[in-house]
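# Per-entry structural report
Given next are the chains, with one letter for each unit.
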Amino acid sequence: STNNVQFGRDIDTTDLSGVKLTLHLKYVSKYGSESPMTIHVNRLLTDISYDSIYYEDKEFAANEFELLKSADVAFGTDSIMKVEMPSELVQQIVRENVGQTTWTNKDFINFFKGLYITTELASGDGCIYALDLIGSKSKMVLTYNDTCSFDFLINEYSTRINMYSHDYTNADSELKAAIDNPDQPTKYCYIQGLAGLKTKIMFPELYSLFDTTNIIINRAQLCVTIKEGTESTVLPSPKAMSMTRILGNGKFDFLEDYKSNSKNFGGSFNETEKSYTFNIPLHLQDLFKDYKDLGEKTDNGIFLVANDNRIVPYRAVLYGGAHENLSVKIIVYYLLY
């Protein structure tokens, strides 16, 4: 919180028994059934960089961190979880600082490379807690001389990595079948945030309808519906979904409909119909134009994903393309010329 810190000036380094270091974590929300859980606070032993790119499958090797403290997850009425750090770390921090006229942010990061926080389920179905790490209430606080304190801040300039791991061993049999056969249409399809599941949509039959005809698509609406009985207040569906076009090189891009008019694109959850509707006439027109001009199909598919999927663990079970009554549907209005 300041570069001009000299603990040796304010703290009796011969007796650090009254000095405490506490990690404060601001809780903001949860997803799933609240279940007993243990939090593990580890100290990073390897550098992470603010200007580097880290992917969700990033893992730290066993020699890249060490356990500082484990504690049961218990958020109080003020929604702040507090974990007292070991006295050995307090001694290291204070004594590392003694004798320095200034102690910069860079100096501290070279000494203390960061925190690596994991959880372990004790019992129950599990729960995902969301923490506001860059808010003013998440920090480490060093308290000394009864009334004095010093803050080690976590803010927007701190490097932060979210790492996700999914285990579908005990998943529903239909879900596992869909994962094992990703190119086969299924009765149900699945959406999950935090680098979880996404649904691929293609339009193979549309080519045969318009393969020799000049058309102008006026309107095209794609609608997907939540499977009855799968939505709950404990595991809510996404408030909105989006789509990304799969390019020929395997990368992704927004649909032209979204680029042209994001407000008209759609994707918001309809509470009454329990569905999501998207307006995609430009995307379909592009597919038909490519087919007519190039003589080949360029439909690599669309990925349907939950909005805020990198930070919110929304999930949804949808009626899929192979469902007999409530499959994914598209309604097209067009002109012949």
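Look above for the structure.
In what follows, the accompanying structure is described. Remember, it's a predicted structure, so these values are computed and weren't measured experimentally. Think of each chain on its own: its residues are numbered from 1, step by step along the sequence as written. Where totals are concerned, whole chains, interfaces and linings use all residues; where local detail is concerned, this predicted model gives features only for residues with pLDDT of at least 70, and gives and counts side-chain atom pairs only at 80 or more. For the side-chain quantities, the full set of heavy atoms in the structure was used; hydrogens and water were omitted.

Another aspect to go through is the overall build of the protein. In DSSP terms, a helix is any run of H or I states spanning at least four residues, a strand is any run of E spanning at least two, and both are numbered starting from the N terminus. Helix and strand counts for the protein come out as eight helices and 18 strands. A compact globule built from 337 residues would reach a C-alpha radius of gyration of about 20 Å, whereas the protein, at 26 Å, exceeds it by more than 25%. The principal-axis extents of the C-alpha atoms in the protein amount to approximately 90 × 40 × 35 Å. Burial analysis of the protein (337 residues in total) assigns 36% to the buried set. In these tables, accessible area is a Shrake-Rupley quantity obtained with a 1.4 Å probe, and a residue counts as shielded only by the protein chains included in the view. For the protein, the exposed area adds up to about 20,000 Å²; of that, 47% sits on carbon and sulfur atoms. Throughout, radius of gyration means the C-alpha value; the globule benchmark is 2.2 Å times the number of residues raised to the power 0.38. Each residue is assigned to one of three classes by its accessible area relative to the maximum for its type, calculated with a 1.4 Å probe on protein chains only: buried under 20%, partly exposed between the two thresholds, exposed over 50%.

In this section: the sheet that holds strand β12 (residues 241–246). Think of a sheet as strands paired side by side through backbone hydrogen bonds, with each pair either parallel or antiparallel. Any two strands with at least two DSSP bridges between them are considered paired. In space, the four strands of this open sheet follow the order β10-β16-β12-β13, with antiparallel pairing throughout. What marks the edges here is a single partner per strand, and that holds for β10 (199–201) and β13 (252–254). Put simply, the sheet's adjacent strands are angled 40° from each other on average, direction ignored. Relative to strand β16 (residues 302–306), β10 runs antiparallel, the two being bridged by three bridges. Residue Thr 199 lies in a different strand from β16, and its bridge partner there is Leu 304. For helices, the axis comes from a line fit to the C-alpha atoms of the stretch in contact; other axes are also lines fit to C-alpha atoms, and the angle between any two N-to-C directions lies between 0 and 180 degrees.

Among the five residues that make up strand β17 (residues 315–319), four are buried, leaving the element largely enclosed by the rest of the structure. Both strand β9 (residues 188–192) and β17 contribute to a ladder of five bridges, which runs antiparallel. Its bridge partner being in β17, Ile 191 is matched across the sheet by Ala 316.

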